[in-house]
Amino acid sequence: PLDGERREATLLFADLRGFTKFVEENRPEDVVRSMRDYFTLMENAVRANHGLVLQYVGDEIESVFGVPVAFEDHARRAAAAALDMRAALENWNRERLTRGEPLFQHGIGIHTGWVLAGNTGSRDHPCYGLVGDPVNVASRIQELTKTFQCDVLISEETRRYIGEAFKTEELPPQVIRGHSGTIRLYRVL
């Protein structure tokens, strides 16, 4: 539908760490090449798990699983994509190390919930997007990877869907900016 439809989905946000310093210390051509390589590897991991990259904003990736094509195991596939992203980054960093290039780190936040999926933007320039609290929560969970010094965090809602499919470690409940109450988080090991 043009005005969107309410759907349950799993959101995955990935953001590079220390990227501002990398931009400051490197030629723009090297920055663009590195970003393109990183985004390609991460998008491949998302697509291999039936996810959709919605947008790149600076050095951040917003992706979704379960919309626009619905499937039941969207949370499990998002977690699998995160682990594939971890492995792809490790392999890419090994290549960068042999060339004497700086290594990259990222944080990934995953959350499952009900969103409105459909056309956003202006009447003249529509784009497919998601609206709803789960989008903001997933982004804030990604930010918390800095606090916990880890690369993949999932919400309790996502953890409930994936069950024991992945080894996780429960973390202390957190208050996140722009969200009432606390959320429970799990580090994906």
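All of the points below concern the structure found in this document. None of these values were measured; they are calculated from a predicted model.

### Observations concerning the pairing of strand β6 (residues 152-155)
Here β6 shows a buried face lined by Val-152 and Ile-154 and a second buried face lined by Leu-153 and Ser-155. Relative to β6, strand β4 (residues 105-121) runs parallel, the two being bridged by three bridges. Bridging across to β6, Gly-109 finds its partner in Leu-153.

### Focus: helix α4 (residues 133-147)
With 15 residues, α4 extends 21 Å between its outermost C-alpha atoms, agreeing within 8% with the 21 Å of an ideal straight helix rising 1.5 Å per residue. Inspection of α4 places Pro-134, Val-135, Val-137, Ala-138, Ser-139, Arg-140, Ile-141, Gln-142, Leu-144 and Thr-145 among the buried residues, and these make up the whole buried set. Where α4 ends, the next residue or the one after it, Gln-149, has phi of about 50°, a positive value.

### Concerning the layout of surface pockets
The space that makes up the largest pocket amounts to roughly 180 Å³. Lining the largest pocket are 13 residues, with Leu-89, Phe-104, Gln-105, His-106 and Asp-151 sitting closest to its centre. When contributions to the lining of the largest pocket are tallied by element, the ones reaching two or more residues are α3 (74-98), β4 and α4. Here the lining of the largest pocket takes four residues from α3, the largest share from any one element. Residue composition of the lining of the largest pocket, by class: three nonpolar, five polar and five charged. Looking at the second largest pocket, its volume works out to about 160 Å³. The wall of the second largest pocket is formed by Leu-2, Asp-3, Asn-119, Thr-120, Gly-121, Ser-122, Arg-123 and Pro-126. When residues in the lining of the second largest pocket are grouped by element, the largest group, three residues, is from β4.

### Overview of the environment of Ala-45
By secondary structure assignment, the location of Ala-45 is in helix α2 (residues 28-48). Placed 33 residues apart in sequence, Ala-45 and Ala-78 show a C-alpha to C-alpha distance of 9.6 Å.

### Quick notes on the nonpolar core
Among the nonpolar cores identified, the biggest contains 35 residues, and Leu-12, Tyr-38, Met-85, Ile-108 and Ile-110 are the most heavily contacted of them. Taken together, the elements giving at least two residues each to this core come down to β1 (5-17), α1 (19-25), α2, β3 (60-65), α3, β4, β6 and β10 (185-188). Looking at which element gives the most residues to this core, the answer is α3, with ten residues. Not counting residues within four places of it along the chain, the set of residues in contact with Tyr-38 comprises Ala-14, Leu-16, Ile-61, Leu-89, Trp-92 and His-106.

### Considering the packing of aromatic side chains
Scanning all chains against the criterion turns up seven aromatic pairs. Taken together, the aromatic side chains of Phe-19, Phe-22, Tyr-38, Phe-39, Tyr-56, Trp-92 and Phe-104 make up a single cluster linked through ring pairs. Directly above the ring of Trp-92 sits Arg-96, whose terminal nitrogen or CZ lies 4.7 Å from the centroid. Just above the ring of Tyr-186 sits the side chain of Arg-159; from NZ or CZ to the centre is 5.4 Å.

### As for the packing of α2 against α3
In contact at an axis separation of 8 Å, α2 and α3 are set at 145° when each is read in the N-to-C sense. Crossing of α2 against α3: the hand is right-handed. Counted together, Ser-34, Asp-37, Tyr-38, Leu-41, Met-42, Ala-45 and Val-46 of α2 and Ala-81, Asp-84, Met-85, Ala-88, Leu-89, Trp-92 and Arg-96 of α3 form the full contact between these two elements.

What counts and what doesn't
Residues numbered from 1 in each chain as written. Predicted model: local features only at pLDDT ≥ 70, side-chain atom pairs only at ≥ 80, totals over all residues. Heavy atoms only, no water. Buried < 20%, exposed > 50% of the residue type's maximum accessible area, 1.4 Å probe, protein only. Helix = DSSP H or I, 4+ residues; strand = E, 2+ residues; numbered from the N terminus. Pairing = 2+ DSSP bridges. Expected span 1.5 Å × (residues − 1). 1 Å grid on protein atoms, 1.4 Å probe; cavity = no way out; pocket = protein on both sides within 12 Å on 5 of 7 lines; lining within 4 Å. Points joined across faces, edges and corners; volume = space filled by probe spheres on them. Nonpolar A, V, L, I, M, F, W, Y, C, P; charged D, E, K, R; others polar. Core = buried A, V, L, I, M, F, W, Y, C linked by side-chain atoms within 4.5 Å. Contact = heavy atoms within 4.5 Å. Phe/Tyr/Trp six-rings, centres within 6.5 Å; stacked < 30°, edge-to-face > 60°. Lys NZ or Arg CZ within 6 Å of the ring centre and 35° of its normal. Axes fitted to C-alpha atoms, helices over the stretch in contact; angles between N-to-C directions. Left-handed = near helix turned anticlockwise from the far one by under 90°.

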